[in-house]
Amino acid sequence: MPDKKKKGIQMDSPDELSHEWSQPSGRSWFLGIGINEYKEFPGLNNAVKDVQDIEALLLDKYDLDPENVILLLDQNASEENIIDQLDYLTEHVREEDKLLIYYSGHGHLNKSTGLAYWIPFDAKKDKTARYIRNSTIRDFIKVIKARHILLVSDSCFSGSLFARGTSRSTYAMEELEKIPSRWAICSGRHDEEVYDGEPGKNSPFAESILDVLSRNQSNALNVAKIADRVVDQTRANYEQLPEGNPLYGVGHKGGQYIFKLKANEPADWKACKAEGSLSAFRLFLEKYPEGQYAAEARENLSFLEEEEAWAKARREHSLFGYYEYDRLYPNGRYSRQSLEAIRELEEEKAWQTALEKKSLYHYRKYVLDYPQGKYVKEAKSRIESLMDLERQRKEPIPPAKEKETKVPEPPKVEKQPEPAPEKKERPLPRQHPFSAAAEKKEPAKIKLEGKARWLLLLLLVPLAIWGVYKIVGSSSGEGGKADTPQKITLEGVGVLTQYIKTGNPPPKPGDYVYFHAYVRNGDSLVYGSPQSLKFPAKQDGSSASPVLKALAMMGAGDSATLILNIDTLPQKPQGFENAKEMFYDIAVTDVVTEDAYQAGKEKERAAGLGPVVQGLVEEYKPGVPAGPLRKTNSGLEYLILEKGTGLQPQPGQEVKVHYKGVLLDGKTFDSSFARGKPISFILGKGQVIKGWDEGIALLRQGDKAILAIPPGLGYGQRGAPPTIPPDADLIFYVWLVEVGR
């Protein structure tokens with residue numbers, strides 16, 4: 001008999017899920033014809049069993065009532081009885097009904113005439129008088145008044161039933177149900193003999209149909225999908241090719257026979273709650289729109305739909321996405337988080353505008369609009385740098401000291417301006433190390449200015465050679481600011497320009513660098529980091545990244561633009577297909593030692609872990625106190641919120657887990673609840689992060705728990721961009737749904 005393990009609701013492929021629709025009120029009929037023992041033909045092994053198994057499955061799981069079942073087995077399947085029962089169906093099946101005819105027995109093909117037949121129990125060899133032509137079957141299908149007729153023929157040469165080519169309707173499920181249909185699924189082509197199967201089992205064809213129907217958990221399964229699966233499954237295991245298509249010329253209008261599950265609301269509701277997904281609640285309400293659990297199902301569905309809307313907004317992380325969430329849920333559970341996210345995005349937009357414009361006005365506007373913003377310190381630093389440059393540009397050069405022997409001034413001419421010199425030398429900035437030469441007489445000035453150029457050249461040459469492997473000092477001496485932006489060639493990759501130094505030291509090996517990075521294609525912003533990034537900067541020359549090389553030269557407060565030659569990259573990145581250069585605007589906000597970084601992380605973790613855990617508990621187990629987390633030797637922390645009664649999983653077993661993962665700042669980075677389906681993996685095989693392999697092994701089936709996973713048991717220093725930053729603590733709410741074999 002077919003597998004009857006479960007009658008609940010389970011997520012199936014999306015194209016099998018129907019919308020809400022009013023089901024036709026007709027009855028389901030079944031005519032089963034199975035013949036093992038013949039008067040004059042060789043017997044078959046499994047024809048009767050195939051028909052009985054199909055009947056049992058339809059009665060147990062689908063919408064078939066016993067009073068509408070007709071079985072003709074062995075000697076009862078004579079030519080006369082088969083024709084009589086087809087006549088009976090012609091008289092009693094109504095227009096709103098549906099009929100399934102299943103034949104399993106011998107078939108015959110007359111090669112000279114091309115005519116094909118069913119062979120009833122009492123047929124005689126070499127005489128076709130008592131054979132039943134396929135054309136006769138088609139005639140009955142044409143006159144029976146049912147809305148839908150499905151003929152399943154498991155016999156040799158049954159493919160001759162089809163008049164012409166294939167067709168698959170793309171209507172929605174409700175349309176397929178309303179439009180009349182005439183379909184057939186046959187075990188082989190018109191000229192093909194088919195396999196009966198081993199004694200006591202089912203034929204390969206019947207085995208495939210039983211498998212598809214018994215595994216199905218969708219409320220409405222159309223015949224085209226069954227046909228596709230039966231063809232694939234049978235062909236994959238046996239040397240025969242079934243066919244499944246509409247029958248033309250007998251009243252087919254484009255619809256399809258729909259297999260519907262038998263209603264069992266309590267069992268379906270139990271399975272629906274165990275699944276706990278959007279699709280499960282939608283499917284339940286589709287099947288029981290006015291059922292006793294409908295109100296609770298709608299409440300759960302509303303909750304999960306808001307979760308899905310919020311998860312979508314977080315994935316998109318755009319102003320439109322958050323505004324759309326607020327429109328759908330004006331007083332939703334995440335309204336405050338949405339408002340904060342909108343504020344952050346608008347601040348990012350304002351800061352990116354300031355970086356693009358590079359003007360005092362836009363930096364000042366950012367500071368005024370966001371006095372507590374995360375870029376205020378950098379904005380003020382840029383304002384000061386721009387003000388310094390402006391002061392240097394506008395300050396006049398003081399008059400040169402006079403010598404003891406003065407050159408007599410020429411006589412003044414009233415109202416006659418002196419003629420302008422042919423070429424006027426541009427005065428050097430006041431703080432320039434050679435500015436004293438400008439105060440001497442003209443011959444000395446020219447001589448010293450030439451020396452200045454020569455000395456500057458000597459300084460720039462070793463800088464170009466050292467590249468990123470040495471620290472660049474200020475051109476005004478130790479601890480001073482550069483009076484003009486520097487331009488440094490990074491051999492083989494590009495140049496570092498608009499380089500503004502504060503005099504702060506660059507990172508040492510192992511230090512952590514906090515910085516902002518903005519990538520431009522000309523004036524167009526391609527990417528801007530939403531927050532400071534951090535990583536250990538090493539100056540041993542091992543990194544090939546130009547950005548890392550540039551950061552190795554920069555101290556806290558330094559900023560620069562890195563211009564990369566696109567041709568030096570292995571391939572052109574997206575957004576730069578037609579570009580020759582890539583621009584990185586980099587600003588270092590801080591440089592800290594390894595010890596300081598770890599201390600900060602511990603402080604950040606201690607401050608953030610408690611509220612995040614409490615938030616997850618309130619979200620999934622309201623009213624349950626969070627309690628202290630237990631810590632393992634590896635550093636994993638966990639808290640069991642609800643104990644299950646199932647088995648504890650062992651390494652090598654498959655487990656299914658529903659989860660939601662958040663960072664220490666409370667931001668969700670992933671959720672299986674939002675996708676409506678738990679994940680499956682083999683425990684202890686490294687298919688998930690170490691913290692999950694260890695944490696899930698501590699639970700029992702049905703347990704709901706909190707796992708706090710340190711970076712070493714998660715994604716470590718690399719992180720998982722763009723959702724999980726480097727060295728991130730991960731906090732999960734997990735529900736161990738199932739422990740398999």
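All values derive from a computational prediction rather than experimental measurement. (Residues numbered from 1 in each chain as written. Predicted model: local features only at pLDDT ≥ 70, side-chain atom pairs only at ≥ 80, totals over all residues. Heavy atoms only, no water.)

## A short note on the packing of aromatic side chains
Any two aromatic rings considered together are summarised by their centre-to-centre distance and by the angle between their planes.
(1) Moving on: Tallied over the full model, the rule gives 29 aromatic pairs.
(2) Moving on: Here the aromatic rings of Trp-351 and Tyr-375 are separated by 5.1 Å at their centres, their planes lie at 10°, and the arrangement is stacked. Note that Trp-351 is positioned in helix α11 (residues 335–357) and Tyr-375 in the loop between α12 (360–369) and α13 (376–394), a separation of 24 residues in sequence.
(3) Moving on: Overall, the relative accessible area of 1% leaves Tyr-375 in the buried class.
(4) Moving on: Members of the aromatic cluster, connected to one another through ring pairs, are Trp-269, Phe-281, Phe-284, Tyr-288 and Tyr-293.
(5) Moving on: Across the ring face of Tyr-257, the terminal group of Lys-98 is positioned such that the distance to the ring centre comes to 4.9 Å.
(6) Moving on: Residue placement shows Lys-704 over the ring face of Trp-735; its charged tip is 4.7 Å from the ring centre. (Phe/Tyr/Trp six-rings, centres within 6.5 Å; stacked < 30°, edge-to-face > 60°. Helix = DSSP H or I, 4+ residues; strand = E, 2+ residues; numbered from the N terminus. Buried < 20%, exposed > 50% of the residue type's maximum accessible area, 1.4 Å probe, protein only. Lys NZ or Arg CZ within 6 Å of the ring centre and 35° of its normal.)

## Points about the nonpolar core
(1) Moving on: Formed by 36 residues in total, the largest nonpolar core has its most connected members in Leu-31, Ile-33, Leu-89, Leu-99 and Trp-118.
(2) Moving on: Contributions of two or more residues to this core are made by β1 (28–34), β2 (69–73), α2 (79–92), β3 (98–104), β5 (116–118), α3 (134–143), β7 (148–154) and β8 (181–186).
(3) Moving on: Among the nonpolar cores identified, the runner-up in size contains 31 residues, and Leu-100, Tyr-102, Ile-185 and Ala-227 belong to it. (Core = buried A, V, L, I, M, F, W, Y, C linked by side-chain atoms within 4.5 Å.)

## Section: the side chain of Lys-621
(1) Moving on: With respect to the helices and strands, Lys-621 occurs in the loop between α16 (594–620) and β19 (630–631).
(2) Moving on: A relative accessible area of 17% places Lys-621 in the buried class.
(3) Moving on: Side chain to side chain, Lys-621 and Glu-642 meet in a polar contact 2.2 Å long.
(4) Moving on: Residue contacts for Lys-621: discarding those within four places in its chain leaves Leu-616, Leu-641, Glu-642 and Tyr-733. (Polar contact = N/O pair within 3.5 Å; in protein donor to acceptor, adjacent residues only side chain to side chain. Contact = heavy atoms within 4.5 Å.)

## With respect to the sheet that holds strand β4 (residues 107–109)
Sheets are built from strands paired through backbone hydrogen bonds, the pairs being either parallel or antiparallel.
(1) Moving on: Spatial strand order, β4-β5-β6: three strands in an open sheet with antiparallel pairing. In this open sheet, the two strands that pair with only one neighbour each are β4 and β6 (132–133).
(2) Moving on: Where β5 meets β6, two bridges bridge the pair, whose relative direction is antiparallel. Its bridge partner lying in β6, Tyr-117 is registered against Arg-133. (Pairing = 2+ DSSP bridges.)

## Looking at the sheet that holds β2
(1) Moving on: Strand order in this open sheet of six strands is β2-β1-β3-β7-β8-β10, and the pairing throughout is mixed. Edge positions in the sheet fall to β2 and β10 (243–246), since each has one partner strand and no second. The average angle at which neighbouring strand axes cross in this sheet is 10°, direction not considered.
(2) Moving on: Taken strand by strand, α2 contacts β1, β2 and β3, and its axis lies near 175° from that of β1. (Axes fitted to C-alpha atoms, helices over the stretch in contact; angles between N-to-C directions.)

## What to know about the packing of helix α8 (residues 278–287) against helix α9 (residues 294–316)
(1) Moving on: Across the interface, α8 lies against α9 with an axial gap of 9 Å and an inter-helix angle of 145°. Crossing of α8 against α9: the hand is left-handed. Mapping the contact onto sequence places Leu-278, Phe-281, Arg-282, Phe-284 and Leu-285 in α8 and Ala-294, Ala-297, Arg-298, Asn-300, Leu-301, Leu-304, Glu-305 and Glu-308 in α9.
(2) Moving on: Considered class by class, the residues forming the contact of α8 with α9 number eight nonpolar, one polar and four charged. (Left-handed = near helix turned anticlockwise from the far one by under 90°. Nonpolar A, V, L, I, M, F, W, Y, C, P; charged D, E, K, R; others polar.)

## Re the pairing of strand β24 (residues 704–709)
The side chains of a regular strand alternate, first on one face of the sheet and then on the other.
(1) Moving on: Taking burial as the measure, the six residues of β24 include six buried ones, the bulk of the element.
(2) Moving on: In β24, alternate side chains face the same way, and those of Lys-704, Ile-706 and Ala-708 on one face and Ala-705, Leu-707 and Ile-709 on the other are all buried.

## Comments concerning α3
(1) Moving on: Along α3, the residues classified as buried are Asn-134, Ile-137, Arg-138, Phe-140 and Ile-141. Around the axis of α3, the buried residues are gathered within 160° of arc, so they sit on the same side.
(2) Moving on: At its buried positions, α3 is contacted by α2, β5, β6, β7 and β8. (Arc of directions from axis to C-beta.)

## A short note on the pairing of strand β21 (residues 654–662)
(1) Moving on: A large share of β21 lies buried, amounting to seven of its nine residues.
(2) Moving on: Summarising the sheet, β21 and strand β25 (residues 730–739) pair through eight bridges and their orientation is antiparallel. Bridge assignment links Gly-661 to a residue of β25, and that residue is Phe-732.
(3) Moving on: Examined bridge by bridge, β21 and strand β22 (residues 668–671) share three bridges and lie antiparallel to one another. Residue pairing across strands places Lys-660 opposite Ser-671, the latter belonging to β22.
(4) Moving on: The hairpin turn running from β21 into β22, its antiparallel successor, is five residues long, and Gly-666 in that turn takes a positive phi close to 90°.

Read these as layout, nothing more, since geometry by itself doesn't imply function.
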